[in-house]
Amino acid sequence: MSDKRISIHGQWSSRWAFILAATGSAVGLGNIWKFPYIAGENGGSAFVLVYLFFIALVGIPVLMGEVLIGRRGRLNPAASVSTVADEAGANRIWSGIGWLGLSAGFLVLSFYAVIAGWSLRYVFVTASGSFTGASADTIGGIFGALLASPLQLVFWQSLIIAVTVFVVSKGVQKGLEKTVTLLMPGMFILLLIMVGYAMTTGSFMQGVEFLFTPDFSKLTGSGVLEALGHACFTLSLASGVMIMYGAYLPDGVSIARTSIAVAFIDTLVALLAGLAIFPIVFANGIAPGEGPGLIFVSLPIAFGQMPFGTLIGTLFFIMLVFAAFTTSISLIEAVVALLVEKRGMSRPRSAWLAGFAVWFVGLGTVMSLGAWENVTFNSLTGLDWEFVLFNQNFFDATAFLATNLMLPLGAFLLAVFCAWILRDQDTAQELGMSESSLAYKGWHWSMRVIVPLMIFIVFLHTMGIDVL
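Residues numbered from 1 in each chain as written. Predicted model: local features only at pLDDT ≥ 70, side-chain atom pairs only at ≥ 80, totals over all residues. Heavy atoms only, no water.

A. Representation of the overall build of the protein within the structure. The helix and strand tally for the protein stands at 19 helices and 0 strands. Against the 2.2 N^0.38 benchmark of 23 Å for 468 residues, the protein shows a C-alpha radius of gyration of 22 Å, consistent with a compact globule. On the principal axes, the C-alpha backbone points of the protein span a range of 65 × 50 × 45 Å. Classification of the 468 residues of the protein by burial places 60% in the buried group. Sequence-distant contacts, at least 24 apart, represent 80% of the contacts inside the protein between residues at least 6 apart. Summed over its atoms, the accessible surface of the protein is roughly 17,900 Å², and 66% of this surface lies on carbon and sulfur atoms. (Helix = DSSP H or I, 4+ residues; strand = E, 2+ residues; numbered from the N terminus. Rg over C-alpha atoms; globule rule 2.2 N^0.38 Å. Buried < 20%, exposed > 50% of the residue type's maximum accessible area, 1.4 Å probe, protein only. Contact = heavy atoms within 4.5 Å. Areas by Shrake-Rupley, 256 points an atom, 1.4 Å probe, with all protein chains shown as cover.)

Take a look at the structure:
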């Protein structure tokens, strides 16, 4: 039982601290950057409704399962899964789920830190007034010059990782909790300021209509699967984060209510980001489905033309940096905990070692944006394998491996482990529910049937096999 185990790393001071930390991990660049543009590409509000449906049906149950494992094990993800597997009389091979999550989170952070560095660089570029009155070609050139400069990319990547490591080295309460307690409210305030400004653009209601008036004729089968995929992985699921954060959750805190709160705030931030971005997009005649370039090219064009654009643009990129930091500290925490537990290292030493490893692997992403752009596994070996992974550069292959293969597989195995391997009496006890209660039966059935099926469908879609 979890009340007989204590994490050597400490624990969150309260339920609210966990909610802020878990939401900080979930609310990353994916909410503010990815969600608006994939909603724009898939019909706006119809996509949002389907996304909300899948958050409730898939995202929250898996989140509850991960937190359950973490709190019961009180160790790093691999050790926690192994511990609860032992408790259930299952084979320790299930600890592979934790190793898979640790590895996926590590790979994600390796390229995430580089992209976060773009946001940090743009805080200073925007504040300097470089976008004011600039043409689309000039602004596109600024972004292109950043991507073409390995020295710049490494500098900003290094700064992101250094601050991340410094925070994590301070421990759970003095580092992680203190940071998210400051950054999350700050990010939310900045987001509300952005929404308030969006109300003055004259296109706010157009943005509201785009997000909240459903038109299912614009939603394709591919869009439905995109919504399902984003719902599965927007909550930092299967990356080791929620098992690790669950290990620090005090006993007696409701996992169900806490998980629902995290999912609600995460979704609220995504919707507010849409309300902040789309009115600016529409007011400046920008297409809402422009992809990643929406944030780093299209919006800066708008900031350069609109009143108070320098101020609003600077606040926007500061908000992005806040979101990036709260995610990056969560992604590295599990690796740091593993080194402390397995190698007996001090937390500062473990943090700097993990940070260096992430930085080193991230150099591959940096080089893929320039000199290695066309270097693939097939081009290096002279082979002609058709699988997409072998035809991508280091950055694209790493992102594909982590987000399209490892995370879905991890979420699938987590659902199977929780619902088919662990004993019902143990999972019900940790969730604070009765085995016969409707809430527990709903969670268990979802993890037993719905979640594996839905994730399998997303996986097939990722592999190019369309089922809708």
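B. How the structure looks around helix H1 (residues 15-26). Between the first and last C-alpha of H1 there are 16 Å, a value that for 12 residues agrees with the 16 Å anticipated at 1.5 Å per step. The buried count for H1 comes to 10 of 12 residues, which makes it a mostly enclosed element. (Expected span 1.5 Å × (residues − 1).)

C. Representation of the packing of aromatic side chains. Taken as a whole and judged by the stated rule, the model has 30 aromatic pairs. Geometrically, the ring pair formed by Trp94 and Phe417 is tilted, given 5.4 Å between the ring centres and 40 degrees between the ring planes. Here Trp94, found in the loop between helix H4 (77-87) and helix H5 (96-127), pairs with Phe417, found in helix H17 (residues 394-421); they are 323 residues apart in sequence, far enough to count as distant. On the basis of an interplanar angle of 40 degrees and a centroid distance of 5.8 Å, the ring pair of Tyr440 and Trp443 is categorised as tilted. Highlighted residues: Tyr440 and Trp443, both in helix H19 (residues 438-462), separated by 3 residues, approximately one helical turn. Among the aromatic side chains, those forming a connected cluster through ring pairs are Trp118, Tyr122, Phe131, Phe143, Phe296, Phe303, Phe316 and Phe317. (Phe/Tyr/Trp six-rings, centres within 6.5 Å; stacked < 30°, edge-to-face > 60°.)

D. The arrangement of the nonpolar core in detail. Core analysis: the biggest nonpolar cluster contains 179 residues, and Trp12, Ile69, Trp118, Ile295, Phe316, Phe317 and Phe417 have the highest contact counts within it. The element contributing the most residues to this core is helix H14 (residues 309-343), with 20 residues. The residues contacting Ile69, other than those within four sequence positions of it, are Ser80, Val81, Val84, Ile243, Leu414, Phe417 and Cys418. (Core = buried A, V, L, I, M, F, W, Y, C linked by side-chain atoms within 4.5 Å.)

E. Layout of the environment of Tyr51. The residue Tyr51 is located in helix H3 (residues 45-73) in this model. For the pair formed by Tyr51 and Ala39, sequence separation is 12 residues and the distance between their alpha carbons is 9.4 Å. Apart from residues lying up to four places away in sequence, Tyr51 is in contact with Phe35, Ala227, His230, Ala231, Thr234, Asp266 and Thr267.

F. How the structure looks around the side chain of Ser25. Among the structural elements, Ser25 can be located in helix H1. Within polar-contact distance, the side chain of Ser25 engages the side chain of Ser330 at 2.7 Å. Among residues more than four places away in sequence, those in contact with Ser25 are Ser236, Val241, Met242, Tyr245, Thr326, Thr327 and Ser330. (Polar contact = N/O pair within 3.5 Å; in protein donor to acceptor, adjacent residues only side chain to side chain.)

G. Spotlight on unusual backbone geometry. At Ser236, a position not held by glycine, the phi torsion is positive, near 60 degrees. With respect to the element layout, Ser236 can be found in the loop between helix H10 (221-233) and helix H11 (241-247).

H. Focus on the side chain of Ser350. With respect to the element layout, Ser350 can be found in helix H15 (residues 347-368). Ser350 sits in the buried class, given a relative accessible area of 0%. Sequence-distant contacts of Ser350, defined by excluding residues within four places in its chain, comprise Val336, Leu339, Val340 and Met345.

I. Layout of the packing of helix H7 (residues 150-169) against H15. Running from amino to carboxyl end, H7 crosses H15 at an angle of 155 degrees, the nearest separation of the two axes being 9 Å. Considering the angle they form, H7 stands roughly antiparallel to H15. H15 is crossed by H7, and the crossing has right-handed handedness. Here H7 contributes Pro150, Leu153, Val154, Gln157, Ser158, Ile161, Ala162, Val165, Val168 and Ser169 to the contact with H15, which in turn contributes Arg347, Pro348, Ala351, Trp352, Gly355, Val358, Trp359, Gly362, Leu363 and Val366. Of the residues belonging to the contact of H7 with H15, the class tally is 14 nonpolar, 5 polar and 1 charged. (Axes fitted to C-alpha atoms, helices over the stretch in contact; angles between N-to-C directions. Parallel < 35°, antiparallel > 145°, perpendicular 65-115°, else oblique. Left-handed = near helix turned anticlockwise from the far one by under 90°. Nonpolar A, V, L, I, M, F, W, Y, C, P; charged D, E, K, R; others polar.)

J. Representation of the pattern of salt bridges within the structure. Evaluation of the coordinates by the stated rule reveals 9 salt bridges. In this structure, the salt-bridge partner of Asp426 is Arg72, at a minimum N-O distance of 3.4 Å. Here the residue Asp426 occupies a position in helix H18 (residues 424-431), and Arg72 occupies one in helix H3, the gap between them amounting to 354 residues. For Asp426, a relative accessible area of 9% translates into the label buried. Given the relative accessible area of 3%, Arg72 is considered buried. Here Arg347 ties to Glu333 by a salt bridge, and the two come within 2.8 Å at their closest N and O atoms. Of this pair, Arg347 sits in helix H15 while Glu333 sits in helix H14, and the two are 14 residues apart along the sequence. (Salt bridge = Lys/Arg side-chain N within 4 Å of Asp/Glu carboxyl O.)

K. Representation of a nonpolar patch on the surface within the structure. A cluster of nonpolar side chains, Leu49, Leu52 and Phe216, forms an exposed patch at the surface whose accessible area comes to about 260 Å². Among the residues examined, Leu52 registers a relative accessible area of 33% and is labelled partly exposed. (Patch = residues over 30% accessible without salt bridge, like charges linked within 9 Å, V, L, I, M, F, W, Y side chains within 5 Å.)

L. Inspection of the environment of Asp137 at higher detail. Within the secondary structure layout, Asp137 lies in helix H6 (residues 136-147). Between the alpha carbons of Asp137 and Val297 there is a distance of 9.5 Å; along the sequence they are 160 residues apart.

M. Expanded view of the environment of Ile115. Relative to the helices and strands, Ile115 is located in helix H5. Taking the relative accessible area as the measure of exposure, Ile115 reaches 8% and is therefore buried. In this structure the C-alpha to C-alpha distance between Ile115 and Leu331, which are 216 residues apart in sequence, comes to 15 Å. Excluding anything up to four places from it in sequence, Ile115 contacts Leu29, Trp33, Phe296 and Phe395.

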